[in-house]
Amino acid sequence: MAEFYVEKNAQGNGDHVVHTADCSLLPSKETVHYLGSISNAKSAVKKAAELLRKQASGCPHCTPAYQTT
């Protein structure tokens, strides 16, 4: 299990980026939502999309397999 966060602000393409807690690209805590302890990045991206009711994508650094753009 890993701790995941999603950025509150969307990227230019509309994606809200999901990061692991130890990602070097994780923005400040004020600009992310904590998603929880989740078993894998695919589930974290899905949870982020459902929570925000917006599109979500994995971080190119810590969850690149789930990056949609």
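Read on for an overview of the structure. (Residues numbered from 1 in each chain as written. Predicted model: local features only at pLDDT ≥ 70, side-chain atom pairs only at ≥ 80, totals over all residues. Heavy atoms only, no water.)

1. Considerations on the sheet that holds strand 4 (residues 56–58)
Using the following cut-off: Being paired, for any two strands, means DSSP has found at least two bridges between them. Helix and strand definitions here come from DSSP, where helices need a minimum of 4 consecutive H or I residues and strands a minimum of 2 consecutive E residues; each element is numbered from the N-terminal end. To get an axis, a line is fitted to the C-alpha atoms, and for a helix only the part in contact is used. The angle between two axes follows their N-to-C directions and goes from 0 to 180 degrees. In what follows, a contact means two residues having at least one pair of non-hydrogen atoms within 4.5 Å.
Judged by pairing direction, the sheet is mixed, and its four strands sit side by side in the order 3-1-2-4 without closing on themselves. Of all the strands in the sheet, the pair left with one neighbour each is strand 3 (32–38) and strand 4. Here the average twist between neighbouring strands, direction ignored, is 30°. Where strand 2 (residues 16–20) lies against strand 4, three bridges are found, and the strand directions are parallel. Considered in strand 4, the bridge of Val 18 is made with Gly 58. Against the sheet, helix 1 (residues 41–52) contacts strand 1 (2–7), strand 2, strand 3 and strand 4, and its axis sits at roughly 135° relative to strand 3.

2. A word on the nonpolar core
To keep it simple, the criterion reads: Put simply, buried Ala, Val, Leu, Ile, Met, Phe, Trp, Tyr and Cys residues joined by side-chain atoms within 4.5 Å make one nonpolar core. Per-residue accessibility, obtained with a 1.4 Å probe over protein chains only, is compared with the maximum for each type, and a residue is labelled buried under 20%, exposed over 50%, and partly exposed between these values.
Counting eleven residues, the largest nonpolar core is built from Phe 4, Val 6, Val 18, Leu 35, Ile 38, Ala 41, Ala 44, Val 45, Ala 48, Leu 52 and Ala 56. Every element with two or more residues in this core is listed here: strand 1, strand 3 and helix 1. Considering each element in turn, this core owes the most residues, five residues, to helix 1.

3. Side note on helix 1
Cut-off, in case you're wondering: For a helix, the expected span equals 1.5 Å multiplied by the number of residues minus one. In this description, one arc is meant: the one made by directions from the helix axis to the C-beta atoms. Contacts described as polar in this section are N or O atom pairs within 3.5 Å, which, within protein, must combine one atom able to donate a hydrogen with one able to accept it, while residues neighboring in sequence count only if both atoms come from side chains.
Here helix 1 is twelve residues long and its end C-alpha atoms lie 16 Å apart, about the 16 Å a rise of 1.5 Å per residue gives. Ala 41, Ala 44, Val 45, Ala 48 and Leu 52 are the residues of helix 1 that are buried. Take helix 1 and look down its axis: the buried residues cluster within an arc of 100°, on one side only. Of the exposed residues in helix 1, those oriented more than 90 degrees away from the buried face are Lys 42, Lys 46 and Glu 50. The elements touched by buried residues of helix 1 are strand 1, strand 2, strand 3 and strand 4. Capping the start of helix 1, Asn 40 holds a side-chain oxygen 3.2 Å from the backbone nitrogen of Lys 42, two or three residues further along. Immediately downstream of helix 1, the backbone of Arg 53 shows phi near 55°, a positive value.

4. Focus: the pairing of strand 2
Burial within strand 2 is extensive, with five of its five residues counted as buried. Covered by surrounding structure in strand 2 are His 16, Val 18 and Thr 20 together with Val 17 and His 19, the residues of both alternating faces. Pairing between strand 1 and strand 2: three bridges, direction antiparallel. When the sheet's bridge partners are listed, Tyr 5 is paired in strand 2 with His 19.

Everything listed is a geometric property; what it means functionally is a separate question.
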